Amino acid sequence: MTTVHDSPTAAGSGANASSNFKDRARDTADVSPERVSTVVTAVLHGVHAAIRDNQVTYPEFQAAKAWLMAVGEGGEWPLFMDVFVEHVVEEVAASSQRGTLGTIEGPYYLPSQVQLNADCELPHREDEKGTPLVLRGQVRDLDGTPLAGAEVDIWHADADGYYSGFAPGVPDGNLRGVVTTDADGNFSIRTVQPAPYQIPTDGPTGKLIEAAGWHPWRPAHLHIMVRADGHRTITTQLYFAGGDWLDSDVAEATKPDLILDPVDDGTGVREATYDFELEGN
Ligand code: DHB
Ligand code: FE
């Protein structure tokens, strides 16, 4: 097992994913006033009910206000939203999606990464730590037709649990790439086994987790987005059998169908296969 840092700092983990998120600006203009009123009223009612049901005091209310300000000032809203809220939005989206299961995107996706051939190795440092890992698979339509030229956009943390583009010291583009499937829809990606991910303990989200007596861990995972013309994009993650935190992911984003069980090929390389099935548009 690789060693994981005990207490990554907010800056070290790259908690501030705000500017990346804003660059990929989401358009909210098409949300009607009725919809805004309905959803925001429901959210506020939930908060009001929590206050009444728990007899929340003025000092607790002021502490909550101070904490909310710290989340903003620390750039942790993307992190907080993706850990504690996104899995339910994904659950709603998944209810109308067939094919390979999705799960949360998380705050560390970056578009426009290096384009790679179907049989490839992800960009990595010369001395990249971690057990070599090969992920193979096929991208198919729901009826089994292989999808040539599909894109398998993959990104993951390194063997210390850090993401390139967010953690200082990890080169841009490290352990990220957009892989195009071959004529048979197949791909084979060589990389290294990521470590579990820990919410930075020194930022406001980490402070909340500590104050509540929860743990700050996500199980080790690969993030994958699969795109093919005429098909609905899948955003998902793959996990590792036997890994820590699989049953208590702080982001509640694991699903049994998404767990790989890599096998050592006899030379110290762990190999796993996963096929993706995409629903037509
Ligand atoms: C967070 C980080 C992740 O790597 C992930 O997959 C989901 C959420 C987060 O810190 O919010
Ligand atoms: Fe992640």
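Residues numbered from 1 in each chain as written. Chains lettered and ligands numbered in written order. Predicted model: local features only at pLDDT ≥ 70, side-chain atom pairs only at ≥ 80, totals over all residues. Heavy atoms only, no water.

(A) Representation of the UniProt feature "domain: Intradiol ring-cleavage dioxygenases" (unreviewed entry) in the chain in the model. UniProt annotation of "domain: Intradiol ring-cleavage dioxygenases" (unreviewed entry) refers to residues 135-163 when read in the numbering used here. Across residues 135-163 one finds 0% helix and 45% strand; the C-alpha atoms that close the span lie 19 Å apart. (UniProt positions renumbered as here; feature names shortened; annotations may be inferred. Helix = DSSP H or I, 4+ residues; strand = E, 2+ residues; numbered from the N terminus.)

(B) Structural detail: the packing of helix 4 (residues 58-73) against helix 7 (residues 204-212). The N-to-C vectors of helix 4 and helix 7 enclose an angle of 140°; their axes lie 9 Å apart at closest approach. By the angle between their directions, the pair helix 4 and helix 7 is classed as oblique. Here Trp 67, Ala 70 and Val 71 of helix 4 lie close against helix 7, whose contacting residues are Pro 204, Thr 205 and Leu 208. Class assignment for the residues of the contact of helix 4 with helix 7 results in five nonpolar, one polar and no charged. (Axes fitted to C-alpha atoms, helices over the stretch in contact; angles between N-to-C directions. Parallel < 35°, antiparallel > 145°, perpendicular 65-115°, else oblique. Contact = heavy atoms within 4.5 Å. Nonpolar A, V, L, I, M, F, W, Y, C, P; charged D, E, K, R; others polar.)

(C) View of the coordination of the iron ion (ligand 2). Donor atoms from the polypeptide that bind the iron ion (ligand 2) are Tyr 163 (OH), His 221 (NE2) and His 223 (NE2), placed at 1.9 to 2.1 Å. For the iron ion (ligand 2), the single-chain donor residues occur in sequence as Y-x57-H-x1-H. The pair His 221 / His 223 is uniform in exposure class, with both members buried. (Donors = N, O, S within 2.8 Å, 3.2 Å for Na, K, Ca; no water. Buried < 20%, exposed > 50% of the residue type's maximum accessible area, 1.4 Å probe, protein only.)

(D) Up close: a nonpolar patch on the surface. Together, Val 39, Val 43, Val 47, Ile 51, Val 56, Tyr 58 and Phe 61 line one region of the surface with nonpolar side chains, adding up to about 620 Å² of accessible area. Sorting the residues of the nonpolar patch by element identifies helix 3 (33-54) and helix 4 as the ones contributing at least two each. Element by element, the count of residues in the nonpolar patch is highest for helix 3, at four residues. Mapped onto the elements of the fold, Val 39 is located in helix 3. (Patch = residues over 30% accessible without salt bridge, like charges linked within 9 Å, V, L, I, M, F, W, Y side chains within 5 Å. Areas by Shrake-Rupley, 256 points an atom, 1.4 Å probe, with all protein chains shown as cover. Salt bridge = Lys/Arg side-chain N within 4 Å of Asp/Glu carboxyl O.)

(E) Representation of the pairing of strand 10 (residues 234-240). Of all seven residues that make up strand 10, six are buried, and the element is covered over most of its length. Here strand 9 (residues 221-227) pairs with strand 10 via six bridges, running antiparallel. Of the residues in strand 10, the one forming a bridge with Met 225 is Thr 235. Between strand 9 and strand 10, which pair antiparallel one after the other, the connecting turn spans six residues, and Gly 230 there sits at a positive phi close to 75°. Judged from the two bridges that link them, strand 10 and strand 11 (residues 259-260) form a sheet pairing that is parallel. Along strand 11, the bridge assignment pairs Phe 240 with Leu 260. (Pairing = 2+ DSSP bridges.)

(F) Quick peek at the layout of surface pockets. Estimates place the volume of the second largest pocket at around 430 Å³. The biggest single contributor to the lining of the second largest pocket is helix 4, with seven residues. For the lining of the second largest pocket, the residue count by class is ten nonpolar, no polar and two charged. (1 Å grid on protein atoms, 1.4 Å probe; cavity = no way out; pocket = protein on both sides within 12 Å on 5 of 7 lines; lining within 4 Å. Points joined across faces, edges and corners; volume = space filled by probe spheres on them.)

(G) Focus on empty space enclosed by the protein. Under the defined criterion, the tally for this structure stands at two cavities of 30 Å³ or more. In this structure, the largest cavity spans a volume of roughly 100 Å³. Considering the residues around the largest cavity, the lining is formed by Leu 79, Asp 82, Val 83, Ile 104, Gly 106, Pro 107, Tyr 108, Tyr 163, Tyr 197, Arg 218, His 221 and His 223. Looking at the lining of the largest cavity, the elements that each hand over two or more residues are helix 5 (77-84) and strand 9.

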